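Each chain is listed here by its residues.
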Amino acid sequence: MDPAAHQSALHPAGPIADTLLGLTGWLTWGAVLIFLGVMALLAWAMRRRAAREPNEARDRSHARWLLFGGGVLFPVVVLSALFVYSIRNAPPWREIPPSDALVIGVTGHMWWWDVRYRDPASGREFSTANEIRIPTGRPIYLGLSSGDVIHSFWVPALGGKMDMLPGRMQHLLLQAATPGVYRGQCAEFCGEQHARMALHVVAMPPDEFDRWLAAQALPAPPPATAELVRGRDAFVANRCGACHTVRGVTEESRLGPDLTHLGGRLHLGAGQLPMSVQALTEWIGSVQRIKPGARMPSSEHRLDPQTLNSIALWLAHRP
Ligand SMILES: [Cu+2]
């Protein structure tokens, strides 16, 4: 796991995760208190019973107390209080995004995340993968869906958890108060590489985010050196574009992650390897060894090491 990123609901990094931790605290400590109270009563009752003669009238009145006091009155009071508290403090699970929210589409696939943005300045829509960049201090409204089986979206430091269902759009709000990298993980078993379906949320100051968004919306610039031209040509010739989009180079395909600005992402393979030319070469050559069952074929038997390396260079040089 990336040591710089944290993935903990106990260390909230935004107001929504804060509220959830508060609610968890009330529930946990409330349950502990009630449990201790009941145990103390039980101990007290056992001691008294041992010390006393039986008396039917008194026992009946105690039973009534237990039934109405402990069985009805107490739960009604406690549950009503909790109900009011949670209604007043619940994060706003709204069908309609708040007016200041940034809307991002996330689709779960076996075993990676497709992330879609719209740049308000240029009106361009674009995809990226496995990493969600967000501005701090602003609610993020996620539209969640799935391309195959049920997945579940959960970045514990920033908000709640929501299932991603095929054929249906679900919603979730996130918010980050401080810049940082927050790890998430698919939270619904979705097949053999479920455990290797991680994602990272990178929260950045709003102006930095705006620059990032504008740059991501642009297509890939033409390669500047002979080596990069070789990489691009090999990518096209080996039909990587059957599954991957590199905007400006290949037609759109949604079978695999968009690779237009891959070099700017922190990880490869849904959080499996830190980004580097070396890791990319390894991934393209032997993805089936790194992530067995991934929906991408290994290329080591088809491509020589130089070709692998030049594709990796071309993919990595574009932030
Ligand atoms: Cu999953």
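Criteria and cut-off values
Residues numbered from 1 in each chain as written. Predicted model: local features only at pLDDT ≥ 70, side-chain atom pairs only at ≥ 80, totals over all residues. Axes fitted to C-alpha atoms, helices over the stretch in contact; angles between N-to-C directions. Helix = DSSP H or I, 4+ residues; strand = E, 2+ residues; numbered from the N terminus. Parallel < 35°, antiparallel > 145°, perpendicular 65-115°, else oblique. Contact = placed C-beta atoms within 7 Å. Nonpolar A, V, L, I, M, F, W, Y, C, P; charged D, E, K, R; others polar. Pairing = 2+ DSSP bridges. Core = buried A, V, L, I, M, F, W, Y, C linked by C-beta atoms within 7 Å. Buried ≥ 20, exposed ≤ 12 C-beta atoms within 10 Å, placed from the backbone. Domains from an automatic or database assignment. Left-handed = near helix turned anticlockwise from the far one by under 90°.

Novice: Is there a simple way to think about the packing of helix α4 (residues 226–237) against helix α6 (residues 305–316) in this case?
Specialist: The description of two helices packed together rests on the angle between their axes and the distance between the axes. At a minimum axis separation of 7 Å, α4 and α6 run at an interaxial angle of 105°. Taken together, the axes of α4 and α6 are roughly perpendicular relative to one another. Each of E227, L228, R230, G231, R232, A234 and F235 in α4 lies in contact with α6, whose residues at this interface are T307, S310, I311, L313 and W314. In terms of residue class, the contact of α4 with α6 is made up of six nonpolar, three polar and three charged.

Novice: Please explain the sheet that holds strand β2 (residues 112–118) as it appears in this structure.
Specialist: In a beta sheet, neighbouring strands pair by backbone hydrogen bonds and run either parallel or antiparallel. The strand order across the open sheet formed by five strands is β3-β2-β1-β5-β8, and the pairing between neighbours is mixed. With one partner strand each, in any of the chains shown, β3 (125–129) and β8 (170–174) form the two edges of the open sheet. When the angles between neighbouring strand axes are averaged without regard to direction, this sheet yields 25°. Both strand β5 (residues 140–146) and β8 contribute to a ladder of five bridges, which runs antiparallel.

Novice: Quick question: what am I supposed to make of the nonpolar core here?
Specialist: Looking at soluble globular proteins, one finds that nonpolar side chains tend to be buried together. Counting residues in hydrophobic clusters, the biggest one holds 55 residues, and the most contacted among them are L142, L158, L174, I311, A312 and L315. Broken down by element, this core gets its largest block of residues, seven residues, from α6. Both domains that furnish three or more residues to this core are identified here as domain 1 (1–52 + 91–208) and domain 2 (226–316). Among all residues touching L142, those that are not within four sequence positions of it are I104, V106, F153, H171, L172 and L174.

Novice: It is not clear to me how the pairing of β3 should be interpreted in this structure. Could you clarify?
Specialist: Regular strands show a simple pattern: their side chains alternate between the two faces of the sheet. Looking at chain direction, β2 and β3 are connected through five bridges and run antiparallel. Residue pairing across strands places R118 opposite E125, the latter belonging to β3. Between β2 and β3, which follow one another and run antiparallel, lie six residues, and G123 among them has a positive phi close to 75°.

Novice: What should I look at first to understand the packing of helix α5 (residues 277–290) against α6 in this one?
Specialist: Interhelical geometry of α5 versus α6 gives an angle of 125° and a closest axis separation of 8 Å. With respect to α6, the axis of α5 lies oblique. The element α5 and its partner α6 pack so that their crossing is right-handed. Counting all contacts with α5, which are made through V277, L280, T281, I284 and G285, the residues of α6 involved are L308, N309, I311, A312, L313, L315 and A316. Here the contact of α5 with α6 is composed, by residue class, of nine nonpolar, three polar and no charged.

Novice: Mind showing me how you'd approach the sheet that holds strand β4 (residues 131–135) here?
Specialist: What the three strands build is an open sheet, ordered β4-β10-β9; its pairing is mixed. Because the sheet does not close on itself, it has two edges, and the strands there are β4 and β9 (180–185). Averaged over all adjacent pairs, the angle separating strand axes in this sheet is 25°, with direction ignored. As paired strands, β9 and strand β10 (residues 198–204) are joined by six bridges and run antiparallel to one another.

Novice: Would you mind showing me how to read the domain arrangement of the protein here?
Specialist: A common way to state how big an interface is: give the accessible area lost once the parts meet. Once the domains are mapped, the protein shows domain 1 (1–52 + 91–208) and domain 2 (226–316). For domain 1 versus domain 2, the distance between C-alpha centres works out to 30 Å. Facing the 19 residues of domain 1 at the interface are 16 residues of domain 2. Listing elements by their share of the side of domain 1 that touches domain 2, those giving two or more residues are β2, β3 and β10. Broken down by element, the side of domain 1 that touches domain 2 gets its largest block of residues, four residues, from β3. Grouping the amino acids of the side of domain 1 that touches domain 2 by side-chain chemistry returns 10 nonpolar, five polar and four charged.

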